[in-house]
Amino acid sequence: MEGDDLKPMDADQLREHAHRMVDFIADYYKNIEQFPVLSQVQPGYLRELLPDSAPSRPESLQDVLDDVQTKILPGVTHWQSPDYFAYFPSNSSVAGFLGEMLSAGINMVGFSWITSPAATELEMIVLDWLAKALNLPDEFLSTGEGGGVIQGTASEAVLVVLLAARDKVLRSVGKDAIGKLVAYCSDQTHSSIQKACKIGGIHPENCRVLKTESSTEYALSAESLSEAISQDIASGLIPFFLCATVGTTSSTAVDPLPALGKISNSNGLWFHVDAAYAGSACICPEFRHFIDGVELANSFNMNAHKWFLTNFDCSALWVKERSALVQSLSTNPEYLKNKASQGNTVVDYKDWQIPLGRRFRSLKLWMVFRLYGLENLQTYIRSHIELANKFEQLVKLDPRFEVVAPRNFSLVCFRLLSTQKDLEYSNRLNRELLDAVNSTGKLFISHTVLSEMYVLRLAVGAPLTEERHVVSAWETLQENASAALLRSNELNSSSI
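Parameters and conventions
- Residues numbered from 1 in each chain as written.
- Predicted model: local features only at pLDDT ≥ 70, side-chain atom pairs only at ≥ 80, totals over all residues.
- Heavy atoms only, no water.
- Helix = DSSP H or I, 4+ residues; strand = E, 2+ residues; numbered from the N terminus.
- Rg over C-alpha atoms; globule rule 2.2 N^0.38 Å.
- Buried < 20%, exposed > 50% of the residue type's maximum accessible area, 1.4 Å probe, protein only.
- Contact = heavy atoms within 4.5 Å.
- Lys, Arg positive; Asp, Glu negative; His and termini not counted.
- Charge placed at Lys NZ, Arg CZ, Asp CG, Glu CD.
- Phe/Tyr/Trp six-rings, centres within 6.5 Å; stacked < 30°, edge-to-face > 60°.
- Lys NZ or Arg CZ within 6 Å of the ring centre and 35° of its normal.
- Pairing = 2+ DSSP bridges.
- Core = buried A, V, L, I, M, F, W, Y, C linked by side-chain atoms within 4.5 Å.
- Axes fitted to C-alpha atoms, helices over the stretch in contact; angles between N-to-C directions.
- Parallel < 35°, antiparallel > 145°, perpendicular 65-115°, else oblique.
- Salt bridge = Lys/Arg side-chain N within 4 Å of Asp/Glu carboxyl O.

**Comments concerning the overall build of the chain**
Here is step 1: Each helix and strand in the chain was counted, giving 14 helices and eleven strands.
Here is step 2: Taken against the 2.2 N^0.38 rule, which gives 23 Å for 496 residues, the C-alpha radius of gyration of the chain at 25 Å falls within 12% of a compact globule.
Here is step 3: The principal-axis extent of the C-alpha atoms belonging to the chain is close to 80 × 75 × 45 Å.
Here is step 4: Looking at the 496 residues of the chain, the share that counts as buried comes to 52%.
Here is step 5: For the chain, restricting intrachain contacts to residue pairs at least 6 apart in sequence, the fraction spanning at least 24 positions comes to 76%.
Here is step 6: In the chain, 43 positive and 58 negative side-chain charges are present, and the distance between their average locations comes to 4 Å.

**Quick look at the packing of aromatic side chains**
What describes a pair of aromatic rings is the distance from one ring centre to the other and the angle between the planes of the rings.
Here is step 1: Under the defined criterion, the tally for this structure stands at 19 aromatic pairs.
Here is step 2: Ring centres 5.9 Å apart and planes at 40 degrees place the aromatic pair Phe240 and Phe241 in the tilted group. In this pair, the class of Phe240 matches that of Phe241, namely buried.
Here is step 3: Seen from their ring centres, Phe391 and Trp474 are 5.6 Å apart, and the 90 degrees between their planes marks the pair as edge-to-face. With a gap of 83 residues between them, Phe391 in helix H12 (residues 362-397) and Trp474 in helix H14 (residues 467-495) connect regions that are remote in the sequence. As far as burial versus exposure is concerned, Phe391 and Trp474 are alike and both buried.
Here is step 4: Ring-pair connections join several aromatic residues into one group, and the members of that group are Phe88, Tyr277, Phe290, Trp307 and Phe409.
Here is step 5: Across the ring face of Tyr454, the terminal group of Arg431 is positioned such that the distance to the ring centre comes to 4.9 Å.

**Thoughts on the pairing of strand E7 (residues 315-319)**
Here is step 1: Burial of E7 is extensive: five of the five residues sit out of reach of the surface.
Here is step 2: Alternating residues of E7 divide into Ser315, Leu317 and Val319 and Ala316 and Trp318, and every residue in both groups is buried.
Here is step 3: Pairing of strand E1 (residues 147-151) with E7 involves five bridges; the strand directions are antiparallel. If you follow Ile150 over to E7, its bridge partner there is Ala316.

**Let's talk about the nonpolar core**
Here is step 1: With 74 residues, the main nonpolar core has Leu130, Leu134, Leu136, Phe300, Phe308, Trp318 and Leu365 as its most contacted residues.
Here is step 2: Ranked by residue count, the leading element in this core is H12, at nine residues.
Here is step 3: Excluding its chain neighbours within four sequence positions, the residues that come into contact with Phe308 are Asn91, Leu130, Ser280, Ile283, Leu365, Val368, Phe369 and Leu377.
Here is step 4: Listed in part, the 35 residues of the second largest apolar core include Ala157, Leu163, Cys185 and Phe240.

**Some thoughts on the packing of helix H5 (residues 154-173) against helix H10 (residues 322-329)**
Here is step 1: Two elements in contact, H5 and H10, have axes whose closest approach is 8 Å; the angle formed by their N-to-C orientations is 85 degrees. It follows that H5 is roughly perpendicular to H10 by the angle criterion. Taken together, the residues of H10 that come into contact with H5 (itself represented by Val160, Val161, Leu163, Ala164, Asp167 and Arg171) are Ala324, Leu325, Gln327, Ser328 and Leu329.

**Quick notes on the pairing of strand E9 (residues 411-416)**
Here is step 1: Among the six residues of E9, six are classified as buried, and the element is accordingly described as predominantly covered.
Here is step 2: Here E9 shows two buried faces, one formed by Leu411, Cys413 and Arg415 and the other by Val412, Phe414 and Leu416.
Here is step 3: Pairing of strand E8 (residues 401-403) with E9 involves three bridges; the strand directions are antiparallel. Bridge assignment links Val403 to a residue of E9, and that residue is Phe414.
Here is step 4: With four bridges connecting them, E9 and strand E11 (residues 453-459) associate as antiparallel partners. Pairing of Phe414 across the sheet is with Leu456, part of E11.

**Regarding the environment of Val319**
Here is step 1: Assignment of secondary structure puts Val319 in strand E7.
Here is step 2: With 174 residues separating them in the primary sequence, Val319 and Glu145 have C-alpha atoms 8.7 Å apart.
Here is step 3: Those residues in contact with Val319 that lie beyond four places of it in its chain are Glu139, Phe140, Gly146, Gly147, Val161, Trp270, Asn298, Ser299, Leu325 and Trp352.

**Points about unusual backbone geometry**
Residues apart from glycine generally show negative phi values, whereas peptide bonds are mostly found in trans.
Here is step 1: Of note, the amide linkage connecting Phe312 to Asp313 takes the cis form, showing an omega dihedral of 10 degrees.
Here is step 2: Positionally, Asp313 belongs in the loop between helix H9 (304-307) and E7.
Here is step 3: For Tyr87, which is not glycine, the phi torsion reads 45 degrees and is therefore positive.
Here is step 4: Its location among the elements puts Tyr87 in the loop between helix H2 (61-72) and helix H3 (94-106).
Here is step 5: When its relative accessible area of 44% is taken as the criterion, Tyr87 is described as partly exposed.

**A few points about the pattern of salt bridges**
Here is step 1: In total, this model carries 21 salt bridges according to the counting rule given.
Here is step 2: Between Asp5 and Arg57 there is a salt bridge, with the nearest N and O atoms lying 3.6 Å from each other. Residue Asp5 is found in the segment before helix H1 (11-30), and its partner Arg57 is found in the loop between H1 and H2; the two are separated by 52 residues along the sequence.
Here is step 3: We classify Asp5 as buried; its relative accessible area is 17%.
Here is step 4: One salt bridge in this structure joins Asp313 and Arg361, with 3.3 Å as the shortest N-O distance. Of this pair, Asp313 sits in the loop between H9 and E7 while Arg361 sits in the loop between helix H11 (339-342) and H12; the two residues are 48 residues apart in sequence, bridging distant segments of the chain.
Here is step 5: By relative accessible area, which is 15% here, Asp313 ends up buried.
Here is step 6: Ionic contacts of the salt-bridge type, sharing partners, join the residues Glu100, Asp313, Arg359, Arg361 and Lys364 into one network.

So this is what it looks like as structure tokens:
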């Protein structure tokens, strides 16, 4: 290497370049409202802008940042924009960013306690903190037989507990019975449960997706679960797993945990609660009742990276029986053996997850707790729920729209009403409204389908969102709704 070439690692070069990168990122956040929220590029755009092979000689950081500004950012959908209302939020924060930076700087691979004791022990401590903030049962704390672990996503969390549940039941009924195992969820449960069943060798036809109705606010009814279990037992099958949800993806429906938990426990099912999105709200005492019944669960999951100011990825999973995970996922090759692990005096998180390697993710959650504190985190959650309430009231004031599902947290499900009673026509009208609104670049919302209705979703949760952004989003929706209705009426008139 020659002259001022960038070394693999050099403290002085790191300080200089990192300062410039932080300035670049800070400017990005300062100017984030100037970008279209939803990227407006076409598929394959980037291949036209970048070389088809890597450079043979070093380029300057400034050249790279220039390309980020002119070539990469146009192809970014800006999840941290205050006008981002699609899907669910994916929070970034100063504290989360600093924790991520520190994790990248230390850059350890903490698959077992010995590889970095602080990484394992801090993870245990901060997940106990979070469990206590959620008022989870003591059985989920690391001081007992259970404990918490940070997974990458809720999809990984449901997979590892399904594997633990599968192996636990097969140890008693025999491994050849895997074809008889049945898992249960609702048609509102995240699709990750179906992928987990595929990976876990559960026959697709044995993944029971139970239908929900508007009459139960799209929550899974205890009666339908009980009936399905009874039918499967009568058919010689073995019910083994239930995934309930607090805050479904489509409409933030809340499954009745106490009733479902009793049914699961009486039939020997592993009862998993997915609160990936809504779990964050339950640190507020007034929303804690949504997870009443969690004491009956075998496992509980929430994504701190959604709505808890912790940068992606950080999905918290708690289990009451850590040995079930370890028995299912543990490997012990000679090259990983060490005195602490062999003595069973420590936790090795490699045995609680799918991959071997893992990052120091607990640092960012620790920083979020310490730099914000629980009171400020509660205020943050409440502010978004109040903004969603504000948007819901605006929708209700316009007779052209209707709210389709109850608003439990910070998601509003709504749709534009059609002058015609034809469902297909109404769905097309709302699809056109969604496309029109998102193509403006002023905001980004997403959709779902409930009771065959195409429904628009607006989820408040970006850290920079203020009331003015919610009001502006509504005004954009109203303007485009007026245009969509006018086009619709003109088409109807011309066809008469």
